[in-house]
Amino acid sequence: MSRTLYTLRIPSSTRYLQTVRRFVERHARAAGLSEEAIERLKLAVDEACTNIIKHAYKGRSDRPIDVAVLLEPDRFIVRIRDQGESFDPTRYRAPDLRTLIRKRQGGGLGVRLIRQLMDEVTYRSRGPYNEVQLIKYLTPSDTALPPSASA
Amino acid sequence: MSNFSVGFRQHNGVQILDLHGELDAHTAPELEAALQKCLQNGQYNILINGRDLDYISSAGLGVFMAYVEEIREKGGDLKIAELKPGVYNVFDLLGFPLLFDILPSEAEALERFARGERPMLPSS
């Protein structure tokens, strides 16, 4: 079965995080996902793009981030591509909240949060591209509206 | 143009910060500036009111994490009240309720300040 696909390209600046959240929210709602699933997807895409801006592009604000939403029969996927430094998820260790507070540090929780929010997360590097896929499985409560019946 | 703002109020020696809008990596520096202003003014009893806070990402939570230790060292606390359910869920997912006073109402948070109660960071 073919995928429904929408794409958005933003520059790597935090000022566009709101734009990305609105984009994902609009398409997740049109696909009939529950409000809880929509909130989870918005937060996960925000965290993933924030990490790309800070780490893959080291704060440069003029590099491209390509976001795509794909609707498959059993899942809603947000695919995010960048051309910065790649992230190795096998080397990530979720930091302990108490340790961060003692060190007066606020960062490092985004990857942990993404994993908690999504049903599946995949990372891969292909040539100059890094790609992360944020995957939310569709449940019967998500499919109240058929995709064709909405915007 | 920002979709986030901070309002300042005082009540019985407690500095209340009213957060409005969406707190993400773009707007978190505004919250940081507000907390720095409190510390510069010697205000260490700080209550965050989230009644009008519609969204938070880990960048926003990170600001609380970075400042709470200094605030507690000065004898104060950073308490959080009136979060919307969706925003509270994000605090909860990351384990914040164990380390921060998060209360349903502003009145309850003010009572805790009046009694001088605050959570202690458990030793690990």
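This write-up is about the structure you can find in this document.

Counting its secondary structure elements, chain B contains 4 helices and 5 strands. N-terminal to C-terminal, the α/β element order of chain B is β-β-α-β-α-β-α-β-α. Relative to the 2.2 N^0.38 estimate, which gives 14 Å for 124 residues, the radius of gyration of chain B is 13 Å and therefore close to what a compact globule would have. Across the 124 residues in chain B, those meeting the buried criterion constitute 55%. Within chain B, contacts between residues at least 6 apart in sequence are counted, and of these 68% link residues at least 24 apart. Of the roughly 5400 Å² of accessible surface on chain B, 48% is carried by carbon and sulfur atoms. Seen as two clouds, the 10 positive and the 18 negative side-chain charges of chain B have centres 6 Å apart.

Attention now moves to the packing of helix H1 (residues 28–40) of chain B against helix H2 (residues 58–73) of chain B. Residue and element names in this part refer to chain B. Relative orientation of the contacting elements H1 and H2 amounts to 15°, with a least axis distance of 9 Å. As the angle between them shows, H1 and H2 are arranged roughly parallel. The way H1 lies across H2 gives a crossing that is right-handed. Only Ala 59, Gly 60, Val 63, Phe 64, Tyr 67, Glu 70 and Ile 71 of H2 make contact with H1, whose side of the interface consists of Ala 28, Leu 31, Glu 32, Leu 35, Gln 36 and Leu 39. Partitioned by chemical class, the residues of the contact of H1 with H2 number 9 nonpolar, 2 polar and 2 charged.

A few words now on the pairing of strand S1 (residues 4–11) of chain B. On a regular strand, one side chain projects to one face of the sheet and the next to the other, so that they alternate. Residue and element names in this part refer to chain B. Note that S1 and strand S2 (residues 14–23) share 8 bridges and pair antiparallel. Bridge pairing in S2 places Gln 10 opposite Gln 15. Hairpin connection between S1 and S2: a loop of 2 residues separates the two successive antiparallel strands, and Asn 12 in this loop has a positive phi of roughly 45°.

As a further point, take unusual backbone geometry. Of note in this structure, Lys58(A) is not a glycine but carries a positive phi near 50°. In this fold, Lys58(A) is placed in the loop between helix H2 (35–56) and strand S2 (64–72). Backbone geometry at Glu82(B) places phi at a positive 60°, although glycine is not the residue there.

In this section: the sheet that holds strand S4 (residues 120–126) of chain A. Residue and element names in this part refer to chain A. Ordered by their spatial adjacency, 5 strands build an open sheet running S1-S2-S3-S5-S4, and the pairing between neighbours is antiparallel. Pairing within the sheet leaves two strands with one partner each, and these edge strands are strand S1 (4–11) and S4. With direction set aside, neighbouring strand axes in the sheet form an average angle of 15°. Bridging between strand S3 (residues 75–82) and strand S5 (residues 129–137) involves 8 bridges; their strand directions are antiparallel. Paired with Arg 75 across the strands is Tyr 137, a residue of S5. The strands that helix H1 (residues 17–30) touches are S1, S2 and S3; relative to S1, the one it contacts most, it runs at about 170°.

Rules of the game
Residues numbered from 1 in each chain as written. Chains lettered and ligands numbered in written order. Predicted model: local features only at pLDDT ≥ 70, side-chain atom pairs only at ≥ 80, totals over all residues. Heavy atoms only, no water. Helix = DSSP H or I, 4+ residues; strand = E, 2+ residues; numbered from the N terminus. Rg over C-alpha atoms; globule rule 2.2 N^0.38 Å. Buried < 20%, exposed > 50% of the residue type's maximum accessible area, 1.4 Å probe, protein only. Contact = heavy atoms within 4.5 Å. Areas by Shrake-Rupley, 256 points an atom, 1.4 Å probe, with all protein chains shown as cover. Lys, Arg positive; Asp, Glu negative; His and termini not counted. Charge placed at Lys NZ, Arg CZ, Asp CG, Glu CD. Axes fitted to C-alpha atoms, helices over the stretch in contact; angles between N-to-C directions. Parallel < 35°, antiparallel > 145°, perpendicular 65-115°, else oblique. Left-handed = near helix turned anticlockwise from the far one by under 90°. Nonpolar A, V, L, I, M, F, W, Y, C, P; charged D, E, K, R; others polar. Pairing = 2+ DSSP bridges.

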